[in-house]
Amino acid sequence: MTTRDEPLVLGIETSCDETGVGIVRGHTLLADAVASSVEEHARFGGVVPEVASRAHLEAMVPTIQRACDTAGVALADVDAIAVTHGPGLAGALLVGVAAAKALALSLGKPIYGVNHLAAHVAVDQLEHGPLPEPCLALLVSGGHSSLLKVTDITGADGGIDPMGATIDDAAGEAFDKVARLLGLPFPGGPHIDKAAREGNQVAIDFPRGLSTRRDLERHRFDFSFSGLKTAVARWVEARERSGEPVPVADVAASFQEAVCDVLVRKALDAAGSAGIEDLMIGGGVAANSRLRALAEERASRLGIRVRVPRPGLCTDNGAMVAALGSTMVARGRTPSPLDLPADSSLPVTEVLAG
Amino acid sequence: MLLAFDTASSTVTVALHDGTEVVAVATSAQGMKHGEQLAPLIEQVLAEAGAQPGDLTGIAVGVGPGPFTGLRVGLVTARTMAHVLAVPVHGVCSLDALALEAVETGAVAGPFVVASDARRKEVYLASYDARGVRLDEPVVDKPAVLATSGPVVGEGARLYPEAFPDARGPERPDAAWLARGVVAGRFTILGSEPLYLRRPDAVASVR
Ligand SMILES: [Zn+2]
């Protein structure tokens, strides 16, 4: 094996509230160190950009050190540095990009500025080996909800084609907002998932966004979760007004079912329409147990294979950035220049900063 | 070989000092964009002096006070480079570098203050004696609250002439003076903690 086949890559991720540093060799995960500032944001009910940026600065060097210790590698042995340069919170991204440049500069190694969304797809290679290309990726988290047709994960020749996206809230955002309504802690995803296990998913018939025939004409592969969130809020308020207790488990289960149903239905429709037989699900919401189960169940009926990385790799982390960087090196893509910017609104089609 | 830089103003300034004198300097071509400009400017001063990163024996960095986003670019760069190269970081209050330059270039003769732009119609300010030794911790407040008729060094004086009529000397930190001051032992050396002077809660409520 040459270095190019199995490059040793360190990846840095700071697009939101996790400071992630991962190290991979080829498709092998060696270290995935994550420092989270989520506790500091909890009392605000969402991520405060300035708090996140401050935490990234404090966590950066210790997290790099921890990743190297875990992987048992010296920084000098690393072949390349990869970093999320967008999309995400501008100030948060900048801390990671500056640290990555400092590493590349002092080590004399190339730097690859990569797209956060593509990294969520690439991470699956660490779990299930080379990504089938084409594959259909459903990316769902607090910041994104997208359906992507992936023919080349490095983005070469239009390798990532966005088929659909949310037109309002991200799926994970809906989980956070509904959790708040139900008095569950932030971040809402895991708490809703847990509460839903005790509830009945058909107890309340919440709406499925963009699923009417007319919506499907214009937004066949797009998502909308803001109407669902409002419907849950109205239902809970009506209950409270009438003085009846709110059945938290049933509301959580029915809401979760509405989200997962529409995500899976549209993902499988997109895969079918593009003639793709592999569905990859990534992003923080991919850790949801119901989403995984529903996707497996319905996809197997259609002969579609489902790949979902383990929950720890679905949330934001540095390993996913390293995984994409490793593929960039293996495929001989040109590194990014040292003046690469942080781009908070980077489109998903731009996978590598040129 | 000491690498020095400051990102606490809208300008990125980088210098390299060989222990005897400043051997290379570079200043950003455009305001802001610290994250894009700092690393290439460091690469540039090293190349100009024919030096390698491995030749560095220390990193001097302005720790603010200054606008947070740019400040963090400088500090995370200093910390990360120092970690890789196993060299110390010499943190210096960014106002101190301005004070040293003002004293050494003769812009001031007696006691004075340094005032920099803190945005949101405020300034960062600290007081100095005639030798450029800081007398108090920097503060952030409205120019009218901190107004003085005495000599004022730094961009704050140019921005708020009604509060600071006697503007003197340099406007923004210059890494060449940061480097000279560290080599000559003229500064109180701090760690690499940023001098934010404002709580993040306040920032969140303004957004
Ligand atoms: Zn993400």
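Looking up chain A in an unreviewed UniProt entry gives the name tRNA N6-adenosine threonylcarbamoyltransferase, with the organism given as Nocardioides daeguensis. UniProt, in its Sequence similarities (unreviewed entry) section for chain A, records the words "Belongs to the KAE1 / TsaD family." You can read under Subcellular location (unreviewed entry) in the UniProt record for chain A the words "Cytoplasm".

## Quick word on the layout of surface pockets
Residues and elements named next belong to chain A. Computed from the structure, the largest pocket encloses a volume of approximately 1100 Å³. Along the wall of the largest pocket there are 38 residues; nearest its centre are Ser-141, Gly-142, Asp-176, Phe-186 and Pro-187. Listing elements by their share of the lining of the largest pocket, those giving two or more residues are helix 1 (38-42), helix 6 (171-181) and helix 7 (188-196). Looking at which element gives the most residues to the lining of the largest pocket, the answer is helix 6, with six residues. Split into classes, the residues belonging to the lining of the largest pocket amount to 15 nonpolar, 14 polar and nine charged.

## What about the UniProt feature "binding site: substrate" (unreviewed entry) in chain A?
Residues and elements named next belong to chain A. Mapped onto this numbering, the UniProt entry annotates "binding site: substrate" (unreviewed entry) at Leu-139, Val-140, Ser-141, Gly-142, Gly-143, Asp-176, Gly-189, Asp-193 and Asn-288. As for the largest pocket, its lining draws on Ser-141, Gly-142, Gly-143, Asp-176, Gly-189, Asp-193 and Asn-288 from among the annotated residues. For Val-140, the location among the structural elements is in strand 6 (residues 135-140). Residues within four places of Val-140 in sequence aside, it is in contact with Ser-145, Ala-171, Leu-263, Ile-281, Gly-282, Gly-283, Gly-284, Val-285, Ala-286 and Leu-291. Note that Gly-189 resides in helix 7. Judged by its relative accessible area of 22%, Gly-189 is partly exposed.

## A word on the packing of helix 3 (residues 94-104) of chain B against helix 6 (residues 175-183) of chain B
All names here are of chain B. At a minimum axis separation of 9 Å, helix 3 and helix 6 run at an interaxial angle of 85 degrees. Accordingly, the angle class assigned to the pair helix 3 and helix 6 is roughly perpendicular. Mapping the contact onto sequence places Ala-97, Leu-100, Glu-101 and Glu-104 in helix 3 and Trp-177, Leu-178 and Gly-181 in helix 6.

## Section: the sheet that holds strand 6 of chain A
Residue and element names in this part refer to chain A. Read across the open sheet, the five strands follow the order 8-7-6-9-10; overall the sheet is mixed. Lying at the two open borders of the sheet, with one neighbouring strand each, are strand 8 (160-165) and strand 10 (305-307). Averaged over all adjacent pairs, the angle separating strand axes in this sheet is 25 degrees, with direction ignored. Two strands pair when backbone bridges link them, and strand 6 and strand 9 (residues 278-282) are joined in this way by four bridges, in the parallel orientation.

## Let's talk about the coordination of the zinc ion
Residues and elements named next belong to chain A. Of the protein atoms, only His-116 (NE2), His-120 (NE2), His-144 (NE2) and Asp-316 (OD) coordinate the zinc ion, at distances of 2.1 to 2.7 Å. Each of the four donor atoms bound to the zinc ion contributes to angles spanning 85 to 163 degrees, and the resulting shape is irregular. When the donor residues of the zinc ion are listed from N- to C-terminus, their spacing reads H-x3-H-x23-H-x171-D. One end of the pair, His-116, is in helix 4 (residues 116-122); the other, Asp-316, is in the loop between helix 12 (311-314) and helix 13 (318-330), and 200 residues separate them in sequence.

## Quick notes on the UniProt feature "binding site: Fe cation" (unreviewed entry) in chain A
Residues and elements named next belong to chain A. Mapped onto the present numbering, the UniProt feature "binding site: Fe cation" (unreviewed entry) falls at His-116, His-120 and Asp-316. Separation in sequence by 201 residues is not matched in space for these annotated residues, since their most distant C-alpha atoms are only 8.7 Å apart. Lining residues of the largest pocket, restricted to the annotated ones just named, are His-116 and Asp-316. His-116 sits in the buried class, given a relative accessible area of 1%. Those residues in contact with His-116, other than ones at most four positions away along the chain, are Glu-13, Ser-15, Thr-84, Gly-86, Pro-87, His-144, Asp-316 and Met-320. Topologically, His-120 is positioned in helix 4. For His-120, the contacting residues outside a window of four places in its chain are Leu-139, His-144, Met-280, Gly-282, Gly-283, Cys-314, Thr-315, Asp-316 and Met-320.

Conventions we followed
- Residues numbered from 1 in each chain as written.
- Chains lettered and ligands numbered in written order.
- Predicted model: local features only at pLDDT ≥ 70, side-chain atom pairs only at ≥ 80, totals over all residues.
- Heavy atoms only, no water.
- UniProt positions renumbered as here; feature names shortened; annotations may be inferred.
- 1 Å grid on protein atoms, 1.4 Å probe; cavity = no way out; pocket = protein on both sides within 12 Å on 5 of 7 lines; lining within 4 Å.
- Points joined across faces, edges and corners; volume = space filled by probe spheres on them.
- Helix = DSSP H or I, 4+ residues; strand = E, 2+ residues; numbered from the N terminus.
- Nonpolar A, V, L, I, M, F, W, Y, C, P; charged D, E, K, R; others polar.
- Contact = heavy atoms within 4.5 Å.
- Buried < 20%, exposed > 50% of the residue type's maximum accessible area, 1.4 Å probe, protein only.
- Axes fitted to C-alpha atoms, helices over the stretch in contact; angles between N-to-C directions.
- Parallel < 35°, antiparallel > 145°, perpendicular 65-115°, else oblique.
- Pairing = 2+ DSSP bridges.
- Donors = N, O, S within 2.8 Å, 3.2 Å for Na, K, Ca; no water.
- Tetrahedral: all angles 85-135°; square planar, octahedral: opposite > 155°, others 65-115°.

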